[in-house]
Structures are given as structure tokens and as C-alpha cells.
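Residue-level structural notes
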Amino acid sequence: EEHEAHVDLTETSPPDTVLDTPVDASEAPARPQSPVVEPPLRDRASAELARIASLTATILRVRVLAASVIDDGEGGLATRSELSVISALKGEAAATYPAVIPGGQTATRAWISPHSAKLRVGAEYVVFMLPDGRVPTDSAHFAELVSSGELRYDGQLVPFSLVEAAIATEAP
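Model, not experiment: these values are computed from the prediction. (Residues numbered from 1 in each chain as written. Predicted model: local features only at pLDDT ≥ 70, side-chain atom pairs only at ≥ 80, totals over all residues. Heavy atoms only, no water.)

In this section: unusual backbone geometry. When glycine is set aside, most residues are seen to have a negative phi, and most peptide bonds are trans. The backbone of Asp 154 sits at a positive phi, close to 55°, despite the residue not being glycine. Assessed through its relative accessible area of 64%, Asp 154 is described here as exposed. (Buried < 20%, exposed > 50% of the residue type's maximum accessible area, 1.4 Å probe, protein only.)

On to the pairing of strand β10 (residues 150-153), then. Alternating residues of β10 divide into Leu 151 and Tyr 153, all buried, and Glu 150 and Arg 152, none buried. One ladder, built from two bridges, connects strand β9 (residues 142-145) with β10; its direction is antiparallel. Across the sheet, the residue bridging to Glu 144 is Arg 152, located in β10. Hairpin connection between β9 and β10: a loop of four residues separates the two successive antiparallel strands. Bridge count for β10 against strand β11 (residues 156-159) is four bridges, and the pairing is antiparallel. Among the inter-strand pairings, Tyr 153 is bridged to a residue of β11, identified as Gln 156. Adjacent in sequence and paired antiparallel, β10 and β11 are bridged by two residues, among which Asp 154 carries a positive phi angle near 55°. (Helix = DSSP H or I, 4+ residues; strand = E, 2+ residues; numbered from the N terminus. Pairing = 2+ DSSP bridges.)

In this section: the side chain of Lys 90. Its location among the elements puts Lys 90 in strand β4 (residues 77-90). The class of Lys 90 is buried, set by a relative accessible area of 13%.

Here we come to the confidence of the model for the protein chain. Overall, the predicted model of the protein chain reaches an average pLDDT of 80, with 76% of residues at or above 70. Within the model, the stretch residues 1-14 combines pLDDT values under 50 with 19 contacts to residues more than four positions away or in other chains. (pLDDT = per-residue confidence, 0-100. Contact = heavy atoms within 4.5 Å.)

A separate point is the side chain of Glu 124. For Glu 124, the location among the structural elements is in strand β8 (residues 124-128). Separated by 2.7 Å, the side chains of Glu 124 and Arg 61 make a polar contact. (Polar contact = N/O pair within 3.5 Å; in protein donor to acceptor, adjacent residues only side chain to side chain.)

This is the structure in C-alpha cells:
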């Protein structure tokens, strides 16, 4: 038979008095489980950015020179952008790359692709190129350079140094 010490604060007991009462474990309320604590969005974005940087053979810093909306040939729209390479952070690069990304808007039509990268003319980006050397189309492979030390990735501001650190820690 188990006994557990219990203090009933509703009764007036002399100080430091513990009342001994039997406790039936089946009647005890279940302990709430600790909630799963997710890391902050910035930390998750930082970890994902570092992961992608470490797995990518070619990482470029680019500026979007021009963009135009075209018919994608399948009833939708696509945005064709010209990317000018500012520097190759990892791997080798041509001077410019075309990027044809699903989605776009004209005066009379719009087609949205939720996972497509949204590139702005004049903006600078870090691009994590595909293994075959093509420019990716999804937003997971683009990080916008918003200042000299920060990137906007997955809606979060993360330090540019994460990309540099991921590149530097790789085995040759």
C-alpha cells in the first residue's frame, strides 16, 4: 500500500504540518505532456539554408537584369528573367543565366505558382544552382540579399555568413 505526503492548503493547519493521506494512482490526473518546442522560424530557415549551401555544387550571387512574362505553352504563364552573375561563391559560372520560372501576371491574366521564386528586377539573390547547372525555379533555391550581411530566405532574415560558413566547412 502506497502513501504520499499531501498538504491541503484549504484547511488551517499549523505551519510545517504535513497530512498523510493515501493516494490512489488511478484517480490521479494524468500529467500533461510537455509540448514539442519547435525552433524559431529564423533558426529553421538558417538551418535549411546552411544545409542547401553544403549540398550545392554551384552557388552564385546574381542580379536580376530583366524580366518578362511569357506563355508557358501549357495554358499558363511563366516569367523569363535574365540573371547577371556578380560572383561565384562556389563552383564556376557563366556571365549570365536565363531563368524561366512558372507563374506571372500580364494586364489581363495572372497565374500563380506558390512555390515558385518571385524575383524582382534590380534585386540581388544568392542562387543555389541545380546539379545539372540549370537555374532552379522554386523559392527554396533562392535567397534575396537585403543588406551586406543578411539574406531573406523562406520569409526570414538570416545571416549571409551562414552560406559562407557552409561553403568553408566542406571537405575539398
